[in-house]
Each structure stands twice: as structure tokens, then as C-alpha cells.
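# Structural overview for review
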Amino acid sequence: MKKNIIYTKDFVNYSTEYIIDFLKKTKTLKKGNINIALSGGSTPIPILINLKKKGLDWSRCNFFIVDERCVSLIDSESNYGNINNSFFRHIDANNIFSFFKEGLDYPEMINRYANEIISNVSEKKNEIPVFDLILLGMGIDGHTASLFPNTNALNNRDEIVVLNFIKKINKNRLTFTYPLILNAKKIIVFIKGKDKIEIMNKIVNSKIKEYPMTLISEKHNDITWIVKS
């Protein structure tokens, strides 16, 4: 298992250059489109803002959203909306896909998004799409994507995206499931803040099962943690 933990004071610039280096290598090694899934939240936004300034050729990249709040794309809480404002609208990607679609109910959104992933991420392993890169964050409860502790999505091995009810916030979220996340070639996890560093250390060293991120840390064969020191 290849698990790197990289501590850096220059968190945004280091993360940016790490992603650029990965993309350059992938473009050299792979023909066709590069499929990338992005998580929301505040931590990756400065990195994405930095990335858009680098003048990269994004024309072979398809972008997807790892998880989404059940709000309109123009809502201030929308992961897609926030990433679009800071990154997507400033680059020339091949395709950009979002969970949320106006006029559809949530089962229809899930079905539509799953089909978009299956249709556009052509590489498959065990009949599940293989992303080239997934960028993740983590909460202080050890959740990642919208895989929260004690929620039904943690046990779902049959679907690649689901609607997940989170009791502690009394809200639904749309999210990738473990099978889809674990099938990615590369995962990068961004960690910022003392509390999250403590949780990360427990996950990596003690493998505490109550944290949803633990399964990903244990099972994925190429995960890099980039940590603001």
C-alpha cells in the first residue's frame, strides 16, 4: 500500500504543484480523457483558485463532484456552485458534471448522475468506473465525501452514488459510495487544522473503525495526505 503523509507550511502552493505534477504524468501515460472528482468545502477552494492561474490545458479533463448538498446550484451551500465560481467557469474543461439538476427529484438525479459517470468514465474495474484522481477532504468526525458515521451509505456496496440521510444534521446529501471512491487510481486527501490532524493520525495509526475515512485509508492502494503544518 502506498500511503504518503506530506506536511507542508506552504499548503496551497504545494498542493497545487502536486496536482499539476500528477496531471502531467497522467497525460503522458494515458490516451483519452482524464476523469477527476472534486470534493466541496472550504479547504480545497484556495488550491483550485491557484490551479486556475497556472495556464494548464484542461481540454482532456472531465470533472465530477464527489458529493453535494440538496440545494440549488446557485445556493451559497452548493458544492458545485462554489467550485464553479472559483474554478470551473475559468477553465476550458472537456466536460463538467454535477449531481443536482433542476426539475428532477432525488432518485432521478441519482440515476442521471450514475449514468453520466458510467458513460463518461470509460475505464472500468469490476464493472465500476475508475477515476484517475479523486480529491477528498475530511471532517472532525472522520467523514469524507458525504459518508458520515452511522449512516446507511456506509453499507452500500451495490450503487456508485446514493442519497444519504445524516441524522445529526437532519439533512440528506448526495454522495459517491465506497466502491466508486476505492476504485480510483489516485486519492489525495487535504487536511487542515489541529483537530483534523489528530483524527488523521488515529485513522492511519490506530485504524479506528468508527471513522468513515478509515476504510479508504486501509483499502486504497495509492492515497496521499497533504497536511498543513
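Located above this text is the structure these notes cover.
Residues numbered from 1 in each chain as written. Predicted model: local features only at pLDDT ≥ 70, side-chain atom pairs only at ≥ 80, totals over all residues. Heavy atoms only, no water.

## Looking at the packing of aromatic side chains
- Within the structure shown, the criterion is met by 15 aromatic pairs.
- Between Phe-99 and Tyr-113 the ring centres are 4.0 Å apart and the planes differ by 40°, which places this aromatic pair in the tilted class. Of this pair, Phe-99 sits in the loop between strand S5 (95-96) and helix H4 (106-120) while Tyr-113 is found in helix H4, placing the two residues 14 residues apart along the sequence.
- Judged by centre distance (5.5 Å) and plane angle (35°), the rings of Phe-131 and Phe-176 are tilted. Of this pair, Phe-131 sits in the loop between strand S7 (128-129) and strand S8 (133-136) while Phe-176 sits in strand S10 (residues 171-176), placing them 45 residues apart in sequence. (Phe/Tyr/Trp six-rings, centres within 6.5 Å; stacked < 30°, edge-to-face > 60°. Helix = DSSP H or I, 4+ residues; strand = E, 2+ residues; numbered from the N terminus.)

## Describing the layout of surface pockets
- Within this model, the largest pocket holds a volume of roughly 340 Å³.
- What lines the largest pocket is a set of 20 residues, among which Gly-40, Gly-41, Gly-137, Met-138 and His-143 lie closest to the centre.
- A breakdown of the residues in the lining of the largest pocket according to their chemical character gives six nonpolar, 10 polar and four charged.
- Counted as a void, the second largest pocket has a volume near 250 Å³.
- Put simply, the parts of the chain that give the lining of the second largest pocket at least two residues each are strand S1 (2-8) and helix H1 (11-29).
- With six residues, H1 is the largest single contributor of residues to the lining of the second largest pocket. (1 Å grid on protein atoms, 1.4 Å probe; cavity = no way out; pocket = protein on both sides within 12 Å on 5 of 7 lines; lining within 4 Å. Points joined across faces, edges and corners; volume = space filled by probe spheres on them. Nonpolar A, V, L, I, M, F, W, Y, C, P; charged D, E, K, R; others polar.)

## Focus: the pattern of salt bridges
- Within this structure, the stated rule accounts for 10 salt bridges.
- In this structure, the salt-bridge partner of Lys-25 is Asp-21, at a minimum N-O distance of 3.2 Å. Of this pair, Lys-25 and Asp-21 both sit in helix H1, four residues apart, which is roughly one turn of that helix.
- We note a salt bridge from Glu-116 to Arg-112, for which the minimum N-O separation is 3.5 Å. With Glu-116 and Arg-112 both in helix H4 and four residues apart, this pair spans about one turn of that helix.
- Connected through shared salt-bridge partners, Lys-30, Glu-123, Asp-132 and Lys-185 make up one network. (Salt bridge = Lys/Arg side-chain N within 4 Å of Asp/Glu carboxyl O.)

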